[in-house]
Amino acid sequence: MSRTAAAPTEDTARLDNLTLSRKEGWRSFVESPARTQPEILSRKRLKALGEDDLIDYNRRRRAWHANLGPLKTPQLAELHEDLWDIIDSNAQDGDKAKGAVGIDAFPGLGKTTSVLAFAKEFHRREAVEAGQFTSSGHERWPVCRVGLTGSTGMKDFNRAMLKFYAHPGTERGTAAQFADRALDCVLSCETKLLIVDDLHFLKMREKSGVEISNHFKYIANEFPVTLLFIGVGLAARGLFSEGSSYSDSVLGQSGRRTTPLGMRPFTVENNAARREWRQILLAIEQRLVLADKYPGMLADDLSDYLFERSTGHIGSLMTVINRGCQRAIRTGTEKLDTGLLDGVKGDAAAEQGRHELQAAIRSRRITTTPKTRAR
């Protein structure tokens, strides 16, 4: 494994999921410095900027608003506590299989974002405690991430692991040979966490799904790693079930060793939930870089509206706010209000659930406002 790695810059943090499936991309994600929030300029100072300075300032604001997260929501904090418990308890000797984790939740609740934030912390902790290189001189890679597609089989999965490590032997070989090479990489790089994203793409109850499930069992038995699955509807697809048929019982073996974790949406069903909603809006509000932003712009004046637009899903919320900020900058509005946001399109799922919530809020059957506000 090469000791060379490009020095991280703020720009290298702009990664897609494919990049995160390669070790150098993962390193850039882990080691890139946090983005610097642009200064909030008044309208007078904005007007005083020269053309080039204004173009640069707006470019930096666009990038900032497009990357506001991850926010330390209660959901993220709860998930991270559970993950630390499970992964730190998986320090068994090599003759014991390690428990796996299955994160199963609807889209838009921040599953992958939360897992990547945890994996970044885990990678950094391991590098600090044990060093960037192993005692044998190999690069230390505490985390390996693999993204799946609907056509992924055992050979494809093993090849994807090898590609993460930039192993040269990805073109020729059998599934077993690829697995042996992947095991060598895991052992040499002392990987402890294997993230398998988009597990729902696999057809779990078909022949290929049973083969993959058996392969996950092999990895849990032979590889010194914690398997962390991310997907939608994993319980319904049989990951955690026992079953009565052969294929179901094979999947059930994975279920016996897999701890299910979820991500909940924001709700406003009681005062504690409403306070959570208000706190996340206040946290987002602090990060917005708009000239006419004011205290309570989101948490007071747009609380009900944003809950309608997002249906309590953090992904939908961040989409509407990000797009609203882009429009506010581009049009010179420099603040968020219902007039501007009504022209901003959200995701289809949130829009479908919006009208029922809108009617309930406007008839005052529900409210997002806590009884006692605390700034």
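That block above? That's the structure.
Structural notes, computed from the coordinates.

Calculation rules
- Residues numbered from 1 in each chain as written.
- Predicted model: local features only at pLDDT ≥ 70, side-chain atom pairs only at ≥ 80, totals over all residues.
- Heavy atoms only, no water.
- Pairing = 2+ DSSP bridges.
- Helix = DSSP H or I, 4+ residues; strand = E, 2+ residues; numbered from the N terminus.
- Axes fitted to C-alpha atoms, helices over the stretch in contact; angles between N-to-C directions.
- Contact = heavy atoms within 4.5 Å.
- Polar contact = N/O pair within 3.5 Å; in protein donor to acceptor, adjacent residues only side chain to side chain.
- Buried < 20%, exposed > 50% of the residue type's maximum accessible area, 1.4 Å probe, protein only.
- Phe/Tyr/Trp six-rings, centres within 6.5 Å; stacked < 30°, edge-to-face > 60°.
- Lys NZ or Arg CZ within 6 Å of the ring centre and 35° of its normal.

Across a sheet, strands are paired by hydrogen bonds formed along the backbone, either parallel or antiparallel in direction. The parallel open sheet is built from 5 strands, whose spatial order is 2-3-4-1-5. What marks the edges here is a single partner per strand, and that holds for strand 2 (143-147) and strand 5 (258-261). Across this sheet, the average inter-strand angle for adjacent strands is 20°, counted without regard to direction. Where strand 1 (residues 100-104) lies against strand 5, 4 bridges are found, and the strand directions are parallel. Paired with V101 across the bridge in strand 5 is T259. Relative to the sheet, helix 4 (residues 74-89) contacts strand 1, strand 3 (193-197), strand 4 (226-231) and strand 5, its axis offset from that of strand 5 by approximately 170°. Here helix 5 (residues 111-130) sits on the sheet and contacts strand 1, strand 2, strand 3 and strand 4; the angle it forms with strand 3, its principal contact strand, is near 165°.

Turning next to the side chain of S21. With respect to the element layout, S21 can be found in the segment before helix 1 (23-31). At 2.6 Å, the side chain of S21 forms a polar contact with the side chain of R145. With sequence-adjacent residues up to four places away left out, S21 is seen in contact with R145, G147, K163 and F164.

Relative to the assigned elements, L83 resides in helix 4. L83 gets classed as buried once you look at its relative accessible area, which sits at 0%. Residues L83 and L261 lie 178 residues apart in sequence; the distance between their C-alpha atoms is 9.0 Å.

Inspection of every chain in the model, using the stated rule, returns 11 aromatic pairs. Measuring from centroid to centroid gives 4.5 Å for W84 and F118, while their planes differ by 65°, and the two rings are edge-to-face. Separated by 34 residues along the polypeptide, W84 in helix 4 and F118 in helix 5 bring together distant segments of the chain. For the pair W84 and F118, a shared accessibility class is recorded, and that class is buried. Ring plane angle 70° and centroid distance 5.9 Å describe the contact between Y218 and F223, whose orientation is recorded as edge-to-face. On the basis of relative accessible area, F223 is assigned to the buried category, the value being 4%. Three or more aromatic residues joined by ring pairs make a cluster, and in this case those are W84, F118 and F122. Over the ring of F29 we find K120, and its NZ or CZ is 4.4 Å from the ring centre.

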